[in-house]
Amino acid sequence: MAGGTSRTISAADRTTTGALSRRSLLAASLLGSATALGACSSRSGSGMDTGSQLPQGDDLVIGASLELTGSGAIVGVSQRKAVTIAQNKINSTGVVMGNQVRRVQVTIKDNASDPKQAAQLAKDFANDSRVLAIIGGCTAGTAKAMAPIAEQQKIPLLATAFADTILRPIANRRFVFKLGPNASDVASRLSASVRQQGLARVAIVAEVGDHGDTGVAAVTTAANNDRRDLVLTVRVPVGSRDYHAQAEQVAAARPDAVVIWAVAPTSGLVARALRTANYAGQMFFDAGAASEDASAALNRAAAVNSFLVAPTILAGRPIAVTTPAELDQVDFFEEYTQLYGAFSGVAVYAADALNLVVAAAQRGRTAATRLRVRDELEAAPYDGLAGQYIFSTISHGGVQPDSLSLFQMRPADWVKVG
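Summarised in this report is the structure supplied together with it. (Residues numbered from 1 in each chain as written. Predicted model: local features only at pLDDT ≥ 70, side-chain atom pairs only at ≥ 80, totals over all residues. Heavy atoms only, no water.)

What follows is about helix α6 (residues 140-153). Residues separated by three or four positions in an α-helix point in the same direction, a consequence of the helix having 3.6 residues per turn. Look at α6: 20 Å from first C-alpha to last across 14 residues, which is about the 20 Å you get at 1.5 Å a residue. In α6, a bend of some 25 degrees at Ala147 exceeds every other bend along the element, and Pro148, a proline, comes one to four places later. Among the residues of α6, Ala140, Thr142, Ala143, Met146, Ala147, Ile149, Ala150 and Glu151 are the ones counted as buried. Along its buried surface, α6 packs onto β2 (60-66), α5 (115-127), β6 (131-136), β7 (157-159), β8 (176-178) and α8 (210-225). (Helix = DSSP H or I, 4+ residues; strand = E, 2+ residues; numbered from the N terminus. Expected span 1.5 Å × (residues − 1). Bend = angle between axes of the 7 residues up to and from the residue. Buried < 20%, exposed > 50% of the residue type's maximum accessible area, 1.4 Å probe, protein only. Contact = heavy atoms within 4.5 Å.)

Right under this line is the structure:
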């Protein structure tokens, strides 16, 4: 296939025995060994002992167009890591469909954070009859460029970006699904925190493009509903390293709170510019800032005491683990941090995308087709790493609002506070 650098992940990339043993012990202590392992098998689309006795079927082939280079690389690289973990877990047992066990083959291509490149990759994947679905892009621009192609070619696209405009108009996006949280849900949580802290004057700093557009609209609506004074809206270009002029403009307006609506690394650079401009007020971040980039020393120092809305998994191991979904979250969080160090809250959407496609294919029982996967994605809710997804004919995004939590940056890292 033309365009981009190809990388096919194999199960041999990493040994998963240790992670599975840890998971089995945890499940046995909570739910009883047989019951818990059965639940985990069905969630990963695998057959445990049964699968090893069945003949090998054709691989389930899935394409992934990710931002491995360019302005979106922080998110794209973390999502590649997440896909690797998810694929290896699935392939450790296989996917039982009918009387066969199948493996998952993920072909990752670099769209270079370029919408034109992403569109070409979407065409390449769609023209390969083996490819069942496409994962990506990580940014609003690339995902939006891929959406009409997925629709025309009738291949499911699971976008791991956040902008609501990826799905518009919904009548023309039957094959497009968005996993990132909806802007209105994030803005509502941020607005509630602003209200609880008694902060009256609010400014918005949003990245240029669809992600920023949906953020500005959602925050403006939330501020108006709360009767907050929206004193300033400033847009910042993605890919710049210097936001001091915009920061000076915000500092001069003296807002009580600044909502930074931008995907990393832009979010961290804006926060640092605001502190350099001597802005001492409160800062709030949307879910696009929940990457490991926030844990870098300079970003962490600038963002200390600030707030973020992100999937609950960012908090790590909960006090009590009582459901199969929570077991999955703990297992993924521990494995990601053991392999890569700091955890990324934006990585999980790619792992969820892969698991969603596999679960949909398995519910089709035998023949996995693009149309059947599309239909099955709408047919049943799914408890993923980022939270629950409930797709329907009139709604293809994103993770449910009660799957989101409020975090505060402490000196070491993000801490769940609500």
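Once that is clear, we can look at the packing of aromatic side chains. Applying the stated criterion to the full structure yields ten aromatic pairs. Here the aromatic rings of Phe162 and Tyr349 are separated by 5.5 Å at their centres, their planes lie at 85 degrees, and the arrangement is edge-to-face. With Phe162 in the loop between β7 and β8 and Tyr349 in helix α13 (residues 348-363), this residue pair connects regions lying 187 residues apart in the sequence. Like Tyr349, Phe162 is buried. Here the aromatic rings of Phe332 and Tyr336 are separated by 5.9 Å at their centres, their planes lie at 40 degrees, and the arrangement is tilted. Here Phe332 pairs with Tyr336, and both are found in helix α12 (residues 324-340), just four residues apart, close to one helical turn. For the residue pair Phe332 and Tyr336, the accessibility class agrees, reading buried in each case. By the ring-pair criterion, three or more aromatic residues cluster together here, those being Phe332, Phe333, Tyr336, Tyr340 and Phe343. Cation over ring: Arg374 sits above Phe175, and NZ or CZ is 5.8 Å from the ring centre. (Phe/Tyr/Trp six-rings, centres within 6.5 Å; stacked < 30°, edge-to-face > 60°. Lys NZ or Arg CZ within 6 Å of the ring centre and 35° of its normal.)

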